[in-house]
Amino acid sequence: MRRYQYIDKNGTFRLENPELTSYLYFPIANENGVMSCVTPFLGGDSKMGQNTFLLAPVSCEDLHNNKSTRNFWCRIKGQGIWSATGRSAAQEADLFTEDKEETALEAGFMWHKVTRVSKRYPLSSEIISFVPCSGETAELMVVTLRNQGKEVLTVAPTAAIPLYGRSADNIRDHRHVTSLLHHVETTKNGVVLNPTLTFDERGHQKNRIVYGVFGGSENGEEPIGFYPCTPDFIGEGGSLEHPGTIFDSRRKPVQAGASLDGYEAFGGIAFAECALAPGEDKTYIIVMGYGSSGEKLNIMADKFLAGDAWKKSLKETRRYWEDKVNVTYTTGSEDFDRWMKWVNFQPMLRRIYGCSFLPHHDYGRGGRGWRDLWQDCLALLIMNPSGVRDMLISNFGGVRMDGTNATIIGSGQGEFIADRNNITRVWMDHGVWPFLTTQFYIMQSGDLSLLLKETTYFKDPQAVRGDEKDTLWKPEEGNQVRTSDGKEYRGSILEHLLLEHLCAFYDVGEHNHIRLRGADWNDALDMAKARGESVAFTSVYGSNLEQMAELIKGLKSLGVEKLSFLKEMELLLNDKESLYEDVAMKQQLLRNYCEECSHTITGERMEISCEKLAQGLKNKAAWIRSHIRRTEWINNKEGYSWYNGYYDNQGRAVEGDFTGGIRMMLTSQVFAIMSGTATKEQIRKITYAADAFLYDEKIGGYKLNTDFHEVKDDLGRMFGFAYGTKENGSVFSHMVAMYANALYQRGFVPEGFKAIQTLYQHCSDFDKSKIYPGIPEYIGPEGRGCYHYLTGSASWLMLTVLTEMFGVKGNMGDLFLEPKLMPEQFDVVRKASVRLVFADRKLRVQYHNAKGLKYGEYKIDSLAIDGDLYEDCRNHTILRSDITNLDAAKEHTITAVLIEN
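Residues numbered from 1 in each chain as written. Predicted model: local features only at pLDDT ≥ 70, side-chain atom pairs only at ≥ 80, totals over all residues. Heavy atoms only, no water.

J.: Quick question: what am I supposed to make of the overall build of the protein chain here?
T.: Each helix and strand counted, the protein chain has 23 helices and 51 strands in total. For 901 residues, the compact-globule estimate of 2.2 N^0.38 gives 29 Å, and the protein chain sits close to it at 29 Å. Counting only C-alpha atoms, the protein chain reaches 90 × 70 × 60 Å along its principal axes. Within the protein chain, the fraction of its 901 residues that count as buried is 61%. Counting every atom, the protein chain has about 33,200 Å² of accessible surface; 47% of that belongs to carbon and sulfur. Side chains of the protein chain carry 103 positive and 119 negative charges; the gap between the two charge centres is 1 Å. (Helix = DSSP H or I, 4+ residues; strand = E, 2+ residues; numbered from the N terminus. Rg over C-alpha atoms; globule rule 2.2 N^0.38 Å. Buried < 20%, exposed > 50% of the residue type's maximum accessible area, 1.4 Å probe, protein only. Areas by Shrake-Rupley, 256 points an atom, 1.4 Å probe, with all protein chains shown as cover. Lys, Arg positive; Asp, Glu negative; His and termini not counted. Charge placed at Lys NZ, Arg CZ, Asp CG, Glu CD.)

See below:
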C-alpha cells in the first residue's frame, strides 16, 4: 500500500515513487500573477494568464503525453547520460523494471521537492521548485547533484527548458506561425524570448511581455553557453527526451550576445564540467521569469542567482504561506488535522488560479465565475477578514436591475465585463450566494451597517432576465445603470439583495417553483430552459428571505425604522397570498417590473418601514416552504421518502420511481434540509434514502445522483457524461460538504460526520484517490480524485468543520460556541481544539470532554479565557468587546468544559 506521510504539523508530506501514479500535479504560485504547476517528472506549465504562457499549456492528458518538460541533463564523463528529472527515454524505459530509480517527493504550501537516485550511475538529484512569495514574476528550479559513488565523478550539466512564450490559443491555432514571431537573445546567464507580436483572439498586437530562462551555480559560476533554439537542441531525429545536442558532445552551445529569429525558443543553459568528490554535491539555480524588458528580467534573475539568495527566498515563501493558513485543528486524528490544513489552503489557490489554470480545468479561458466570488469569500472571512467588507461591496456591483448578474469577472476587484460573445445565460441560483456570504460576514462581524452601504448596478445589453435585449444601450455608455437623466444610480446592498431574491420569487414555472433557466449550482442542468424548474434552490431563496427579514428587523438597533428603495420596486413588494398562488400573475408582475427597468430607471425613491418589509419577506418565505412541502415530498414503492428537486423541459418531476429505476438527486435533499423545508422526521427519512441509493463507501461516500439510465437531453448535459463521472453520479465533493453542513445545522451530527469522514478517509487513501492531500472536485467511479485543488468544496468544508463541527461561529459579532464533536474526535486527553483569528485576535478554542461523552449527551458547563473563568457566558457566548479587549500581540486560550446534560 502506498501512502503519503505527513512530516510536520504544517501538512508537509512525503511520498515515495510519485511518478508511478498518473495525473499528479502540484501548484506553485504567488499573488503577483505567476501560476505554475509541476509534476514528479517536472512537467506542467507556467503562465500569468490565458495569453501569457512561459511554458506550453498542459491539460491533464498532456501530463503523460507531453515531452516538453523542465529538464536538467547530466553528461557523466566516461559513463553516460542521465536526466536529473527522470525525463529521458532510457529512464522511462526502466520505470517498471528492477532498474527503476529511487524517487521521493516532499511538498508543502507552494513548494515542491523531488529527490532521485540513479540505479545506473553513482549520481543523485534533488530538485526544489517554488515561486517566490515576494512578488517577483519568476519560478525557481534549484537542482542539487550529489556524487553517491566512491570515486570522483565528472559531470557536464545542461538545463533544458522549452520556452513557449505566447497565448494558450496558439497551442494549435497558428502554432508554427507564432514561432516565426520569436526573437531570442542570449545574455551572460540566460536566454531571453521577446516575440515581436502576439496573435490571439485580441487580434494582432505588439508584444509587451518578455520571457526568459536564466541559470548559475550556487558558488557563482556563470553558464558556458546556451541552446536558444528547439530544433537545434533536439537535432534531426531527436526529441526532448533524447536530444541530439546532449548525446552528441560535438554540438557546441552559442555564447552570450547571440540572437535568433523565427524558431521555437529554448532555454538551454550549458554549465562547465564539474568534478564531484565522493559525497560532494553542487547546486544550480534556474530562474524562469516574465518581464517588461530583457534588462529587467536579467536584473530580477540576478537577485536569485547570487549566493544563497534562493534559500532565503524559499524560507520566506514557506513561512509566508504557512502563516496564511491560520486555522489549525487538534483532534484525535493528526492526519485529519494535517489534511484540513490543505483544505484550508485550497481557497487561496482558487483566488490565484481561478477555475482555469491547472491541468484539470472547467473554464478554459481564465478567471472565476460569479459563484466563486462569493464562496471564496467564506474562507477569507475565516482566515483573512480584513478587506472583505470592501470586496463584498464591490462584488454587488455585478448585480443587474432584474436580479441577474454579470457572468464575466474581470481581474480587478469589482470589475465586471459585458459578454463579448453576446451569449445570454442566466443561472437561477446566482442570487442565493451573495446573501449567504453577506449574512456570514454580518454574523462574524456584527456589521449590520453594511446593508445600508450603496453601490452601483451592472448594465449591459441583457434585459428581462435574459429573455430580451436592450437595443438602446451602447457600450460607450458604460456598464453602470443610469437614471433617465443620465446619472449613475446607486442603491443599498440590501436593495441589491432584495432584487436578487424578489425577482427570483416571481420568476416561476408552471409548478410555481423558480425557473431553472440556464442552470443552477449544477452547471450541467442546462437543457431545460423553457419548462425546467429548480425546487432545490427555490427552497434556499425561501430561507434566505426569512433570514433577510431577521437582519432587517435588526436594523432597528442602528436606529433605522424606514428604508428607501428605487420606486420601481413597489411592484415586487406586493404581499398578497392570492398572488403567490397564481403563476400567470407572478410572471406578469415580474415582466412589468423588468420592462420598467430594462434601459434606465426614474431615480425616484419609495419608503417602507422595516417592520412591514420584514413581514412581507417572512410571508413569502413561509409560502415557499409550505408549497414545497405540499407538492414535492416523494413516497416510493419501496417505502423510502425524499424530496423531488427538479422539473425537466417537458414539465415532468425528475425524481421518484421510474421504469428504469429509482431517481434521486443529492442536491434536492441538501437544500430541503438546509433551508428548513424538511421537517426533522423528513430529514431522518431522507438520510435513510440517501444511504440506500446514493452512498458508496468505496468511492468516498455520497454520489450526486442515481443512474438515470438515459441521456436526458430535456434536463442537462450531465446525463451525457458516463455515469459516475463529473455531475452525473460522481461523489461531488461540494455537495457532500453541503450535505454535511445541512445535517450539522439541523442537529443530525452522526450523519453529518459520516459524510465528512468517509470523504476524508477516501481522499487520504492515496492508493484509492491518487491525489495529494486535499479535496478534489469529484471522485470518479474507480475512486480517483479529479479536478484537484480548484474547487468551491474546500470553502464549504472549511466552513462546516469550523462553524458546525467545532461550533465556533459569530453571532452578530460575538463569539458563539456550540460544539458538535463526536467522541473519537477528542485526543487521548479528551480535548479538541482549533486555532483561528476572530475579531482580530488570535484565539485557541479548546473543548474538554473529560468523560468522553457522545454528542447529545454533553453541554458546555463553563468557559475560561486564559485560565480565568468567564462569568458572563450567556448562551455560551463571549462578547466581542471582551475579545477585543484582549492583547492583540498574544494568542489567547478559551476553554469550554463539557459536562453531562
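J.: What's the story with the environment of Gly237 in this structure? I'm lost.
T.: Relative to the helices and strands, Gly237 is located in the loop between helix H4 (230–234) and helix H5 (244–247). Sequence separation between Gly237 and Arg351 is 114 residues; the distance between their C-alpha atoms is 43 Å.

J.: Honestly, the pattern of salt bridges in this entry has me stumped. Any pointers?
T.: Pairing is possible between side chains of opposite charge, provided their charged atoms come close. Scanning the model with the defined rule gives 61 salt bridges in all. The closest approach of N and O atoms between Lys459 and Asp470, which form a salt bridge, is 2.8 Å. With a gap of eleven residues between them, Lys459 in the loop between strand S27 (454–456) and strand S28 (462–463) and Asp470 in the loop between strand S29 (468–469) and strand S30 (490–492) connect regions that are remote in the sequence. Here Lys618 makes a salt bridge to Glu550, at a shortest N to O gap of 2.6 Å. Taken together, the positions of Lys618 in helix H16 (residues 610–631) and Glu550 in helix H13 (residues 535–554) put the pair 68 residues apart, joining distant regions of the chain. Assessed through its relative accessible area of 22%, Lys618 is described here as partly exposed. Where salt bridges share partners, they join Arg14, Glu16, Glu106, Lys113 and Glu126 into one cluster. (Salt bridge = Lys/Arg side-chain N within 4 Å of Asp/Glu carboxyl O.)

J.: What's the story with the environment of Gly645 in this structure? I'm lost.
T.: Here Gly645 lies in the loop between strand S35 (641–643) and strand S36 (646–647). Separated by 23 residues in sequence, Gly645 and Ala622 place their C-alpha atoms 18 Å apart. Setting aside its immediate chain neighbours within four residues, Gly645 contacts Glu533, Ser534, Val535, Ala536, Glu655 and Ser668. (Contact = heavy atoms within 4.5 Å.)

J.: I tried to follow the nonpolar core on my own but got confused; where do I start?
T.: Soluble globular proteins tend to bury their nonpolar side chains together. Of all hydrophobic cores here, the largest spans 257 residues; its most connected members are Phe72, Trp339 and Tyr847. Core analysis: the second largest hydrophobic core is formed by 18 residues, Ile285, Leu297, Leu305 and Trp310 among them. (Core = buried A, V, L, I, M, F, W, Y, C linked by side-chain atoms within 4.5 Å.)

J.: Honestly, the packing of helix H12 (residues 493–506) against helix H15 (residues 583–596) in this entry has me stumped. Any pointers?
T.: A pair of packed helices is captured by two measures, namely the crossing angle of their axes and the spacing between those axes. At a minimum axis distance of 8 Å, the contact between H12 and H15 shows a crossing angle of 135 degrees. One way to sum up the angle between H12 and H15 is to call them oblique. For the pair formed by H12 and H15, the contact residues are Leu499, Cys503, Phe505 and Tyr506 on the first element and Lys586, Gln587, Leu589, Leu590 and Tyr593 on the second. (Axes fitted to C-alpha atoms, helices over the stretch in contact; angles between N-to-C directions. Parallel < 35°, antiparallel > 145°, perpendicular 65-115°, else oblique.)

J.: Looking at this structure, how should I read helix H17 (residues 666–674)?
T.: Along an α-helix, residues three or four apart share an orientation, since each turn contains 3.6 residues. Burial analysis of H17 places nine of its nine residues in the buried class, the great majority of the element. For H17, the full list of buried residues reads Leu666, Thr667, Ser668, Gln669, Val670, Phe671, Ala672, Ile673 and Met674.

J.: For this particular structure, what's the right way to read the side chain of Thr438?
T.: Within the element layout of this structure, Thr438 appears in helix H11 (residues 432–445). Within the local environment of Thr438, its side chain forms a polar contact with the backbone oxygen of Pro434, the two atoms lying 2.7 Å apart. If near-sequence neighbours (up to four positions away) are discounted, Thr438 is found in contact with Trp374, Phe396, Leu450, Leu451 and Leu497. (Polar contact = N/O pair within 3.5 Å; in protein donor to acceptor, adjacent residues only side chain to side chain.)

J.: What's the story with the packing of aromatic side chains in this structure? I'm lost.
T.: By the definition in use, this model includes 48 aromatic pairs. Ring plane angle 75 degrees and centroid distance 5.7 Å describe the contact between Phe13 and Trp342, whose orientation is recorded as edge-to-face. With Phe13 in strand S2 (residues 13–16) and Trp342 in helix H8 (residues 334–353), the pair connects residues that are 329 residues apart, well separated along the chain. Comparing Phe13 with Trp342, the two get one shared label, buried. Ring centres of Phe233 and Phe266 lie 4.4 Å apart, and the angle between their planes is 25 degrees; this geometry places the pair in the stacked category. On the criterion of sequence distance, the pair formed by Phe233 in helix H4 and Phe266 in strand S21 (residues 265–270) is long-range, its members being 33 residues apart. With respect to burial, Phe233 and Phe266 carry one shared label: buried. Its guanidinium or amino end placed over the ring of Phe505, Lys586 lies 4.4 Å from that ring's centre, counting from NZ or CZ. (Phe/Tyr/Trp six-rings, centres within 6.5 Å; stacked < 30°, edge-to-face > 60°. Lys NZ or Arg CZ within 6 Å of the ring centre and 35° of its normal.)

J.: Please explain the sheet that holds strand S45 (residues 814–817) as it appears in this structure.
T.: Hydrogen bonds between backbone atoms are what pair the strands of a sheet, whose relative direction is either parallel or antiparallel. On the basis of which strands lie adjacent, the open sheet formed by three strands has the order S44-S45-S50 and antiparallel pairing. The open sheet is flanked by strand S44 (808–811) and strand S50 (877–878), the only strands paired with a single partner. Note: S45 against S50, two bridges, orientation antiparallel. Bridge pairing links Phe816 to Thr877 in S50. (Pairing = 2+ DSSP bridges.)

J.: Looking at this structure, I do not really get H16. What am I missing?
T.: With 22 residues, H16 extends 32 Å between its outermost C-alpha atoms, agreeing within 8% with the 32 Å of an ideal straight helix rising 1.5 Å per residue. Taken together, the buried positions of H16 are occupied by Cys610, Leu613, Ala614, Gly616, Leu617, Lys620, Ala621, Trp623, Ile624, His627 and Ile628. (Expected span 1.5 Å × (residues − 1).)

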